[in-house]
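Each chain, written out:
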Amino acid sequence: MNFIFVRRLVLIKVGEFYAPGKIIFGPGGLSQVGVEAERLGSKTLIVLGRSAMKKSGALDRLTHLLIENNLEYVIYKNVPSDPTVEIIDTGTGLARKEKCNLIIALGGGSVLDTGKAISAMVTNEGSVADYQEIEGKGRKFQHKPIPFIAIPTTSGTGSEATRNAVITNTKLGLKKSIRDLCLIPEVALVDPELTLSLPPHITAISGGDALTQCIESYLGKKSQEITDALAMHAIGLVGKSLVKAVKEGKNLEARKDMAMAALLSGLCLSNSGLGTAHALSHPLGVYYKIPHGLSCAVLLPYVMEYNQPVVTKKLAKIAECLGENISSLSETEAAQRAVEKVKEILTAVGIKENLFGWKIEEEDFPKLIKGAKGGSLDNNPRDTSDEDLIELLYKMTGLY
Ligand SMILES: [Fe+2]
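Calculation notes
The numbering scheme is per chain: residues are counted from 1 as the chain's sequence reads. Confidence filtering applies because this is a predicted model: local features only for residues at pLDDT of at least 70, side-chain atom pairs given and counted only at 80 or more, and all residues used for totals across whole chains, interfaces and linings. Working from all heavy atoms in the structure, the side-chain values ignore hydrogens and water. Sites may look incomplete because water is not among the atoms; the donors themselves are N, O and S atoms within 2.8 Å of the metal, or within 3.2 Å for Na, K and Ca. Only four donors with every angle between 85 and 135 degrees are called tetrahedral; only four or six donors with opposite donors over 155 degrees apart and all others between 65 and 115 are called square planar or octahedral, in that order; all others are irregular. Secondary structure elements follow DSSP: runs of H or I no shorter than four residues count as helices, runs of E no shorter than two count as strands, and numbering proceeds from the N terminus. To sort residues, take the accessible area from a 1.4 Å probe on protein chains only and compare it with the maximum for the residue type: under 20% means buried, over 50% means exposed, and anything in between is partly exposed. Any helix carries an expected span of 1.5 Å times its number of residues minus one. Arc, as used here, means the arc of the directions from the helix axis to the C-beta atoms. When checking whether two residues touch, look at their non-hydrogen atoms; a contact exists if any pair is within 4.5 Å. One axis is fitted to the seven residues ending at the residue and one to the seven starting there. The bend at that residue is the angle between these axes. At least two bridges found by DSSP between two strands are what make those strands a pair. As a rule, the C-alpha atoms of each element are fitted with a line to give its axis, helices using only the stretch in contact, and angles between N-to-C directions run from 0 to 180 degrees. An automatic or database domain assignment supplies the start and end points of every domain. By convention in these notes, a salt bridge is any Lys or Arg side-chain nitrogen within 4 Å of a carboxyl oxygen on Asp or Glu.

Examining the coordination of the iron ion
Link 1 in the chain: At the metal site, the iron ion is ligated by Asp209 (OD), Gln213 (OE1), His278 (NE2) and His292 (NE2), and these contacts range over 2.1 to 2.2 Å.
Link 2 in the chain: If you look at the iron ion, its four donor atoms make angles of 81 to 153 degrees with each other, and the shape they trace is irregular.
Link 3 in the chain: All donors of the iron ion come from a single chain, and their spacing in sequence reads D-x3-Q-x64-H-x13-H. In this pair, Asp209 and Gln213 both sit in helix H6 (residues 200-219), four residues apart, roughly one turn of the helix. Summarising the burial analysis for this pair, Asp209 and Gln213 share the class buried.

Here we look at helix H12 (residues 331-348)
Link 1 in the chain: The end-to-end C-alpha separation of H12 is 26 Å, in line with the 26 Å expected for 18 residues at 1.5 Å each.
Link 2 in the chain: Burial in H12 covers these residues: Ala334, Ala335, Ala338, Val339, Lys341, Val342, Ile345 and Leu346. The arc that holds every buried residue of H12, seen down its axis, measures 160 degrees, which confines them to one face.
Link 3 in the chain: Packed against the buried residues of H12 are H6, helix H7 (225-247), helix H10 (292-307) and helix H11 (312-321).
Link 4 in the chain: Among the residues trailing H12, Gly350 stands out with phi positive, at a value near 90 degrees.

Structural notes on H10
Link 1 in the chain: The end-to-end C-alpha distance of H10, which contains 16 residues, comes to 21 Å, matching closely the 22 Å that a straight helix rising 1.5 Å per residue would cover.
Link 2 in the chain: Remark: the principal bend of H10, roughly 40 degrees, maps to Leu300, with a proline, Pro301, within the next four residues.
Link 3 in the chain: Here H10 lies mainly inside the structure; 15 of its 16 residues are buried.

Considering unusual backbone geometry
Link 1 in the chain: The backbone of Asn70 sits at a positive phi, close to 65 degrees, despite the residue not being glycine.
Link 2 in the chain: Inspection of the secondary structure puts Asn70 in the loop between helix H3 (58-68) and strand S3 (72-76).
Link 3 in the chain: Residues other than glycine seldom take positive phi values, yet Lys99 does so here, at roughly 55 degrees.
Link 4 in the chain: As for its position among the elements, Lys99 is in the loop between helix H4 (85-97) and strand S4 (102-107).

Regarding the sheet that holds strand S2 (residues 43-48)
Link 1 in the chain: Overall, parallel pairing links the six strands, which are arranged S1-S8-S5-S4-S2-S3 in an open sheet. Two strands close off the open sheet at either side, each with one partner strand: strand S1 (22-25) and S3. Direction aside, neighbouring strands of the sheet carry axes that sit 15 degrees apart on average.
Link 2 in the chain: Bridging between S1 and strand S8 (residues 187-190) involves four bridges; their strand directions are parallel. Its bridge partner lying in S8, Lys22 is registered against Val187.
Link 3 in the chain: Strands S2, S3 and S4 of the sheet are contacted by H4, whose axis makes an angle of about 160 degrees with S3.

Comments concerning the domain arrangement of the protein
Link 1 in the chain: In terms of domains, the protein is made up of domain 1 (22-195) and domain 2 (200-397).
Link 2 in the chain: Using C-alpha coordinates to define each centre, domain 1 is positioned 26 Å away from domain 2.
Link 3 in the chain: Contacts between the two partners involve 22 residues from domain 1, matched on the other side by 26 residues from domain 2.
Link 4 in the chain: The tally of links between domain 1 and domain 2 comes to zero salt bridges.

Listed below in structure tokens is the structure:
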């Protein structure tokens, strides 16, 4: 009897997973900031957005806790959404001049990205523009950043858990990341109470961003078992609580679910990448100032539909995570159900099916496509040609 041994080539991906040094999660978690700060530094630069945190009393609580733990602080405020190279470089100059050895950012994704970038630039020479992922540029960080504590006040970008910061380069008309493992915050301090006063529209588009991040990382080429598990759990939380968080802003349980979903979405995207919705969202932010979460959310169902032929099984799983009963459906029907359910959730939170009102011009499509090229597009499960991008742009702009 002859035995024929057939060596099967099995494609097993090797995954790597990185997370913040410490994650503190839960209502009231802000009370731990003083102890954490004392452990990591003696003089801190507090990075803030506009005045919202001042009004809510969160800034007062933060400074009080720092003083109680013998820390000095300097405030860098009024960081706008979509921070520019100039905003980072100015903040870095202030942190160096004041000899800060710790950065604490309290705010939305833009504020966290600013704090993260400053923490790295304090110890590295040049402008942050030198380190952006721009073709032919992109210096590597030579020195470890100073410690960074990220305290999100929206539930969306997941920046508190990621290794990148998105920065607008106005000179080059680009929105590109700086990216390095050393950029992952030392501490991610997520206190859902800080999101209780977020207005419904911001809650909706931030949640849309978190959902897009989870789904894109779950479907992406670099998806892996650890982030798949996190993404599926987070998608379930969004399905359960996004509409509630938008309609009942003071519902702490719903806010907690969305804060967890956003944190998990950050862990997912940082380790497993994103996809075509994020790729197109960046140039839409640069050229039309469309809020990131909004463009991601509008693109999401179209990109899911586009990807369906290559990730049918995973889309069916998403339908299940979103609470749909798919037992009597075929895999293809279940996948389509996931797209419909995402549309239902987005409609329920007031996100329209296209961006027609933003008056996106057809003649700008070539530069939008050019701006979409890069890592996120490459990670999309189905290869996306320029013609495919044009098709998606027609759908999402409502120009059909
Ligand atoms: Fe995002």
